[in-house]
Amino acid sequence: MKTWTQDTPAFALMRNMALPVLLGLLWQLWAMTLPEGSPAPAPLKVFESLGDLLVGGGLLSATAQSLGRVLLGFAAASVLGIALGLLMGSFAAMRENLDPIIESFRPIAPMAILPIAILWLGTGTPTALAIVAYASFFPVLVNTVHGVSRVDRKLLLAARTMGMSRLTILTRVVLPGALPSILLGSRLAMGVAWTAIIAAELAVGSKSGGGSSGGIGQMMFVFYAYNIDLNAIVVCMAVVGVVALLIDRLFRSAERHLIPWRP
Amino acid sequence: MTLPARSPVPGGPVASDPAQVRRRSWMLNRKLWVSLRAFGVFFLVWWLLHLWNGNPLQLPSPLKVFEALWGLLRDGEIASHASVSTLRMLVALALSITVAVPLGFLMGLSRRAEDLIDPLVEILRPISGIAWLPLALFIFGVGDTLPVFIMFYVGFFPILLNTIAGVRQTDPRLLAAARTMGVGRTALLVHVLVPSALPTVMVGIRLAFAASWAAIVAAELIGSPSGLGFAIEWYRQLLMTPKVFAFILAIGVVGYLCDLGLRALQHRMTPWAEGTGASS
């Protein structure tokens, strides 16, 4: 009897939701003890705020704007990163000469570049794009180089023995061989890119007095600095989390579909 | 317990044969030379770009940046900001380790605990530390607590997940053998589970460091009156671009040095993990 109850999906769902629901209830109870007009967020108010923001608050358009920037910056970084990674992976001389530079820039966080980006590009979309591209470039590049170096040497030799041209080897042997690693790099890159865009929009909002850049990070800053609406901030945080989760799932399923030969 | 003999690795720490020593020093020299050459080209390109750009507020010449760096090093400004940031980072890392490692052991060992806690972890994990900034600013205000909180949050998940994975990876034969020999629960934990999980935990700590070092800049840039991240933004507002570059350099160097330190620590604490892939 015991095993039967534990195996049902309903039980699993209840078990999974137990702690989050309990904490949510405690949070709500705590918020109800606060005096009227306190800015502290409460679960019920957060849901209310979510409704408001979805209907007329521009939550969707802000999210779309941030996502658009991430995709654009990520696309630029992947094209550059994969191309350079293939070159560095295939030619030892390239790798040897570029490695010191790449390794020196890698520990510098994207946010550290932000002040420079603001100096060069202002506080608008170009800065956000530059930060996203910088953030996602390194995971793509490093994983591409790694993937190319992991391509089976015997396959390369066999291809050369059979008289394949360099280009054919690149597209038919090296690229498929490095694909798992490249996709992993892309997934990591998208993750950092999404974090970086929030940070960039938030910081640009906080340093430029708000208003000029848009996006969900900016929206959060406005709720913090001008409207003081913590419920709306929690809504934005939840949206940030959900989008991050969706991006991750999307890339994982892409990995499964594009490289079926890998478990 | 005897370790299996390791085959000599080129460039590895053991080199008794003089020919091998010579070979190693030659490789080292060559690496140094290649790096110097690469940086020479890099600085040349930078200098040319600076001439082409013509605006020292946007792109100062490398010489000006080194001058600024030297000045900041001499009057101790870099040292004071870097020590503030590093201290915050260490406090945050220590906090994440003390919370995440025991929790990870609990979740790795008990199915029930994992079933209960994991959903909460999965709800929180996708929310990046940066996204907590506005709320944390409201709760903690501008000061030391905010960056420490953000870094604690960012470092927590890699350590937790790696601890769980490390505990799970423990060879079931070792566990069975220990149980057969009548080893108690505490001894099992201390002598089997901890040594087996430690390499993975150390990797988690290094990942946590990398993530929190990236987050500290954002946290200090927005919500702190001191630290490396603050200094960068401060000098940008004053339009002292060479100093901005100098502090960016400092962030990279301190981050690199901390990672080297963690690597050395990892090497010393888990020498048995070398070559298993967990140490890279």
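For clarity, every value in this text was computed on a predicted model and none was experimentally measured.

Here we take up the overall build of chain A. Counting its regular elements, chain A contains eleven helices and zero strands. Against the compact-globule benchmark of 18 Å for 263 residues, chain A has a radius of gyration of 23 Å, which places it well outside the compact range. Taken along the three principal axes of its C-alpha coordinates, chain A extends 80 × 65 × 30 Å. Burial statistics for chain A: of 263 residues in total, 39% are counted as buried. Pairs at least 24 residues apart make up 71% of the contacts formed inside chain A by residues separated by at least 6 positions.

By size, the foremost hydrophobic cluster in this structure holds 133 residues, and its most contacted members are Ile131(A), Val132(A), Ala193(A), Cys236(A) and Ile150(B). For this core, the leading source of residues is helix α8 (residues 185-223) of chain B, giving 19 residues. What Ile150(B) contacts, discounting residues up to four positions off in sequence, is Gly129(B), Trp132(B), Leu133(B), Ala136(B), Ala215(B) and Ala219(B).

The next point concerns the domain arrangement of chain B. Interfaces are often sized by the accessible area lost when the parts come together. In terms of domains, chain B is made up of domain 1 (19-51) and domain 2 (60-273). Once you take the C-alpha centre of each, domain 1 of chain B and domain 2 of chain B turn out to be 31 Å apart.

With that settled, consider the interface of chain B and chain A. Opposite the 40 residues of chain B that make contact, chain A presents 40 residues. The residue makeup of the side of chain B that touches chain A, split by class, is 30 nonpolar, six polar and four charged.

What follows deals with the packing of helix α6 (residues 110-121) of chain A against helix α7 (residues 125-149) of chain A. All names here are of chain A. Contact pair α6 / α7: the axes reach a minimum separation of 9 Å and the direction vectors enclose 145°. Between α6 and α7 lies a crossing whose hand is right-handed. Packed against α6, whose contacting residues are Pro110, Ile113, Leu114, Ala117, Ile118 and Leu121, the element α7 presents Pro126, Thr127, Ala130, Ile131, Tyr134 and Ala135 at the interface.

Moving on, we get to the packing of α6(A) against helix α9 (residues 228-237) of chain B. Axis separation between α6(A) and α9(B) bottoms out at 8 Å; the angle between their running directions is 15°. Relative to α9(B), α6(A) is oriented roughly parallel. α9(B) is crossed by α6(A), and the crossing has right-handed handedness. Between α6(A) and α9(B), the residues in contact are Ala112(A), Pro115(A), Ile118(A) and Leu119(A) and Ile232(B), Glu233(B) and Arg236(B), respectively. Looking at the contact of α6(A) with α9(B), its residues break down into five nonpolar, no polar and two charged.

Before going further, it helps to spend a moment on the confidence of the model for chain B. All names here are of chain B. Per-residue pLDDT for chain B averages 83, and the proportion of residues at 70 or more is 91%. Note that residues 1-13 has pLDDT below 50 and, in this model, five contacts with residues that lie over four places away or in other chains. Under the prediction, the complex receives an ipTM of 0.80, its pTM being 0.82.

Within helix α10 (residues 215-225) of chain A, nine of the eleven residues are buried, leaving the element largely enclosed by the surrounding structure. For α10(A), the set of buried residues is Gly215(A), Ile216(A), Gly217(A), Gln218(A), Met219(A), Met220(A), Phe221(A), Phe223(A) and Tyr224(A).

Moving on to the environment of Val190(B). All names here are of chain B. Position of valine 190 among the secondary structure elements: in helix α8. According to the C-beta neighbour criterion, valine 190 is exposed, with 12 such atoms within 10 Å. Sequence separation of valine 190 and methionine 202 is twelve residues, and the distance between their C-alpha atoms is 16 Å.

Reading the values: the criteria
Residues numbered from 1 in each chain as written. Chains lettered and ligands numbered in written order. Predicted model: local features only at pLDDT ≥ 70, side-chain atom pairs only at ≥ 80, totals over all residues. Helix = DSSP H or I, 4+ residues; strand = E, 2+ residues; numbered from the N terminus. Rg over C-alpha atoms; globule rule 2.2 N^0.38 Å. Buried ≥ 20, exposed ≤ 12 C-beta atoms within 10 Å, placed from the backbone. Contact = placed C-beta atoms within 7 Å. Core = buried A, V, L, I, M, F, W, Y, C linked by C-beta atoms within 7 Å. Domains from an automatic or database assignment. Nonpolar A, V, L, I, M, F, W, Y, C, P; charged D, E, K, R; others polar. Axes fitted to C-alpha atoms, helices over the stretch in contact; angles between N-to-C directions. Left-handed = near helix turned anticlockwise from the far one by under 90°. Parallel < 35°, antiparallel > 145°, perpendicular 65-115°, else oblique. pLDDT = per-residue confidence, 0-100.

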